[in-house]
Amino acid sequence: MKVTYIYHSCYLLEFKDFMVVIDFFKDVIKEDENIFWIKDYVLSQDKELYVLSTHSHADHYNSKILTWKSEKNNIHYIFSKEIADSLRIDDNQIVFLDKLQKYNDDNLSVTAFGSTDVGASFLLDVDGKKIFHAGDLNNWHWKEEVPIPESAGYETCFLCELELLAENVDQLFMVMFPIDPRLGKDYMLGAEQLLKRFSVDYLLPMHFGENYDKANAIEHFAKLQNCKYLKVHKKGESFKF
């Protein structure tokens, strides 16, 4: 297995027989070959491709992904139902998942869980390995910007979504999760709460802009929770397992 940070909340997962792209926003250069990761590398592969989108926000969903089916016939689209509702997409080549609905085939299963923004988060199961992409699920507490009761309400919503996930899984092989410095001094709180609630083998950051150092500051806390944090230093960085 190989996982590559593309940009923002987009990750590429590569397995022996298939690939998964989640929350594509914009393409980046594959530096060692001076080509684009998605346009030139992924779409040229013979492997089956699964394209997942957690919600309709422009930094998580780029309509260009729907043109990829003209270049690749073994492609599968799995979107949150919110995308169909918000963007009024009606396409029988797309599987739309509402909360707790599941997609299954011989390669993987995808279950939609909740978000504290719009859309969904996705739990993937590949050969028994549970991989969680949070989408915009986070403790968006905004403690330094809103009244305390409002902030507490946001946190309660997040903790409720974690409990729903915990009812279905307690151990996660890999988690891709927002670590967004815009939240202020407690910007890592959501990730910390997730790591306390679940046994996580590997953690990867999302939604951090160009603030690599701030995203990577979660490494110390992750280590205390017996979790390996995979430090991201640049777009297109890959990790092999």
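Residues numbered from 1 in each chain as written. Predicted model: local features only at pLDDT ≥ 70, side-chain atom pairs only at ≥ 80, totals over all residues. Heavy atoms only, no water.

1. With respect to the overall build of the protein chain
Which entries qualify depends on this criterion: For helices the rule is a DSSP run of H or I covering at least 4 residues; for strands it is a run of E covering at least 2, with both sets numbered from the N terminus onward. Accessibility here uses a 1.4 Å probe with only protein chains present; expressed as a share of the type maximum, an area under 20% marks a residue as buried, one over 50% as exposed, and anything in between as partly exposed. Contacts were defined at the residue level, with two residues in contact if any of their heavy atoms lie within 4.5 Å. Using a 1.4 Å probe, the Shrake-Rupley method yields the accessible areas, and only the shown protein chains count as cover for residues. In this tally, Asp and Glu contribute negative charge and Lys and Arg positive charge; neither His nor the terminal groups of the chain are included. Each charge is placed at NZ for Lys, CZ for Arg, CG for Asp and CD for Glu.
Looking only at helices and strands, the protein chain has six helices and 16 strands in total. Its C-alpha atoms give the protein chain principal-axis dimensions of roughly 50 × 40 × 35 Å. When the 241 residues of the protein chain are sorted by exposure, 55% land in the buried category. For the protein chain, the proportion of contacts with a sequence separation of at least 24, taken over those separated by at least 6, is 62%. With an accessible surface of roughly 11,000 Å², the protein chain has 46% of that area assigned to carbon and sulfur atoms. The protein chain carries 27 positive and 39 negative side-chain charges, and their two centres are separated by 4 Å.

2. Considering helix α3 (residues 148–166)
Since the α-helix packs 3.6 residues into each turn, any two residues three or four apart lie on the same face. Formally: To estimate the expected span of a helix, count its residues, drop one, and scale the result by 1.5 Å.
Counted at 1.5 Å a residue, the expected span for α3 with its 19 residues is 27 Å, and the 27 Å between its end C-alpha atoms agrees. Every buried residue of α3 is listed here: Ser 151, Phe 158, Glu 161, Leu 162, Leu 164, Leu 165 and Ala 166. Those residues of α3 that are buried are in contact with β10 (109–113), β11 (121–126), β12 (129–133), β13 (171–178) and α4 (189–197).

3. Topic: the sheet that holds β10
This is how the line gets drawn: Pairing between two strands is assigned when DSSP locates at least 2 bridges connecting them.
Taking strand neighbours across the sheet as the criterion, the seven strands line up as β9-β10-β11-β12-β13-β14-β15 in an open arrangement whose pairing is mixed. Each of the sheet's edge strands pairs with one partner strand only, and the pair in question is β9 (102–104) and β15 (228–229). As paired elements, β9 and β10 share three bridges and run antiparallel to each other. Within β10, the residue paired with Asn 104 across the bridge is Ser 109.

4. A word on the sheet that holds strand β16 (residues 238–240)
Quick reminder of the rule: In this analysis an axis means a line fitted to C-alpha atoms, helices contributing only their contacting stretch, and an angle means the value between N-to-C directions, from 0 to 180 degrees.
Here we have seven strands laid out as an open sheet, ordered β8-β7-β6-β3-β2-β1-β16, and mixed in their pairing. Among the strands making up the open sheet, the edge pair consists of β8 (94–97) and β16. Taken over all neighbouring pairs, the strand axes of this sheet differ in orientation by 15° on average, direction set aside. Strand direction decides the pairing type here: strand β1 (residues 2–7) and strand β2 (residues 10–14), joined by five bridges, are antiparallel. Within the sheet, the bridge partner assigned to Val 3 lies in β2 and is Leu 13.

5. Thoughts on the pairing of strand β14 (residues 199–206)
Condition: A crossover gets the label right-handed when its path from the first strand over the helix to the second runs clockwise, viewed with the strands pointing away from the viewer.
With seven bridges joining them, β13 and β14 adopt parallel strand pairing. When the sheet's bridge partners are listed, Pro 178 is paired in β14 with Met 206. On the question of chirality, the crossover connecting β13 to the parallel β14 by way of α4 is right-handed. Here β14 pairs with β15 via two bridges, running parallel. Across the sheet, residue Tyr 202 finds its bridge partner in β15, namely Lys 228.

These values are about where atoms sit, not about what they do.
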